[in-house]
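# Descriptive analysis of the structure
Each chain is listed here by its residues.
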Amino acid sequence: MMSSFESMKTKIESTGIYNVTEGTNISKELRAYAEGIDSLFDKLAEMERECFVETAESYGLSERERFVGVDRSGETVERRRELLETAEQLRGDCTVSGFEKIVRTYGLENFKFVEHPTGNYLLLYVYDKLTDEQKAMIKSRVNEDFPAHINVTIYFM
């Protein structure tokens, strides 16, 4: 890809009015403009990367996590992407395996569901070691993410 300086130089020289050679005032002026333009293009490229979970590396991931009510800044970028991508694919899957996928997006690894379909409720046994704050977040997320007609009782073991 052509740099901002080379692009501007080519366009100005094509008019036939200027000859942009090293050390001339026009060359220095174009380099100064190019410096500012290149920094803007770099910032735009970063913003574009941060817009998509697949390419985000910092604030794009943090903003998505904030939107869903979690903070996974302690996880690796790859793990954060994986959990966000999984969460975005799950909406509408009202099966136990779908619920297991949802719970995995909370960062849980060791848990078990016991299903009681006739009573429209699930028991969720969580075996991961969690802080009280993490437990509160899990309870809140389950209330938000699970269908309203299914009562989920959580037991932290």
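Each chain has its residues counted from 1, running along the sequence as written. Selection of residues for local features in this predicted model requires a pLDDT of at least 70, selection of side-chain atom pairs for listing and counting requires 80 or more, and totals for whole chains, interfaces and linings are taken over all residues. Values reported for side chains reflect all heavy atoms of the structure, with hydrogen atoms and water molecules removed beforehand.

## Some thoughts on the packing of aromatic side chains
- Only Phe, Tyr and Trp rings take part, Trp by its six-membered ring, and two of them pair if their centres are within 6.5 Å. Stacked means planes under 30 degrees apart, edge-to-face means over 60, and tilted covers everything else. Inspection of the entire model under this criterion finds 5 aromatic pairs.
- Ring plane angle 80 degrees and centroid distance 6.1 Å describe the contact between F111 and F113, whose orientation is recorded as edge-to-face.
- A residue is classified by how much of its surface remains accessible, and F111, at 13% relative accessible area, is buried.
- Pairing Y125 with Y155 gives two aromatic rings, centres 5.3 Å apart and planes at 20 degrees, and the pair type is stacked. Remark: Y155 occurs in strand β3 (residues 151–156) and Y125 occurs in strand β2 (residues 121–126); sequence separation between them is 30 residues.
- An aromatic cluster of at least three residues, connected via ring pairs, comprises F99, F111, F113 and F146.
- The ring of F5 carries R31 above its face, with NZ or CZ at 3.9 Å from the centroid.
- Over the aromatic face of Y125 sits the side chain of K112, whose NZ or CZ is 5.9 Å from the ring centroid. Relative accessibility thresholds used throughout: buried, under 20% of the residue-type maximum; exposed, over 50%; partly exposed, between the two (1.4 Å probe, protein chains only). A run of H or I in DSSP counts as a helix once it spans at least four residues, and a run of E counts as a strand once it spans at least two, with each numbered from the N terminus. The rule is short: NZ of Lys or CZ of Arg within 6 Å of the ring centre and within 35 degrees of the ring normal puts a charge over the ring.

## Considering the environment of I154
- Considering the arrangement of structural elements, one finds I154 in strand β3.
- Among the residues examined, I154 registers a relative accessible area of 16% and is labelled buried.
- Residues I154 and I138, spaced 16 residues apart in sequence, show a C-alpha to C-alpha distance of 9.0 Å.
- Contact criterion: two residues are considered in contact whenever any of their non-hydrogen atoms come within 4.5 Å of each other. Apart from residues lying up to four places away in sequence, I154 is in contact with L124, V126, I138, K139 and V142.

## Looking at the nonpolar core
- One finds L124 and F146 to be the most contacted residues of the largest nonpolar core, which totals 17 residues.
- Of all elements in the fold, only α5 (96–104), β1 (111–116), β2, α6 (132–145) and β3 reach the threshold of two or more residues within this core.
- Among buried residues, those of type Ala, Val, Leu, Ile, Met, Phe, Trp, Tyr and Cys that are joined through side-chain atoms within 4.5 Å constitute a nonpolar core. One finds F5, M8, V20 and A34 within the second-largest nonpolar core, a separate group that totals 5 residues.

## Overview of the environment of T24
- Of note, T24 is situated in the loop between α1 (4–14) and α2 (25–50).
- In sequence terms T24 and Y59 are 35 residues apart; their C-alpha atoms lie 41 Å from each other.
- A polar contact is formed between the side chain of T24 and the backbone oxygen of T21, at a distance of 2.8 Å. Two N or O atoms count as a polar contact when they lie within 3.5 Å, although within protein this holds only if one can serve as hydrogen donor and the other as acceptor, and sequence-adjacent residues are included solely when both atoms are side-chain atoms.

## With respect to unusual backbone geometry
- Positive phi is not limited to glycine here, since N120 has a value of about 55 degrees.
- With respect to the helices, strands and loops of the structure, N120 is situated in the loop between β1 and β2.
- Residue class for N120 comes out partly exposed when judged on its relative accessible area of 42%.

## A closer look at the packing of α1 against α2
- Helix axes use the C-alpha atoms of the stretch in contact, all axes being lines fitted to C-alpha atoms, and the angles between their N-to-C directions lie in the range 0 to 180 degrees. Interaxial distance between α1 and α2 falls to 8 Å at its minimum, and their mutual angle equals 130 degrees. Classified by the angle their axes make, α1 and α2 are oblique. Judged by the twist between their axes, the crossing of α1 over α2 is right-handed. Counted together, S4, F5, M8, K9 and I12 of α1 and S27, L30, R31, Y33, A34, I37, D38 and F41 of α2 form the full contact between these two elements.
- Ten residue types, Ala, Val, Leu, Ile, Met, Phe, Trp, Tyr, Cys and Pro, are classed as nonpolar, four, Asp, Glu, Lys and Arg, as charged, and the remainder, Gly among them, as polar. Per-class residue counts for the contact of α1 with α2 are 8 nonpolar, 2 polar and 3 charged. Every angle not falling under 35 degrees, over 145, or within 65 to 115 is termed oblique; those three ranges are roughly parallel, roughly antiparallel and roughly perpendicular. Two helices that cross are described as forming a left-handed crossing if the nearer one is turned anticlockwise from the farther one by less than a right angle, and a right-handed crossing if clockwise.

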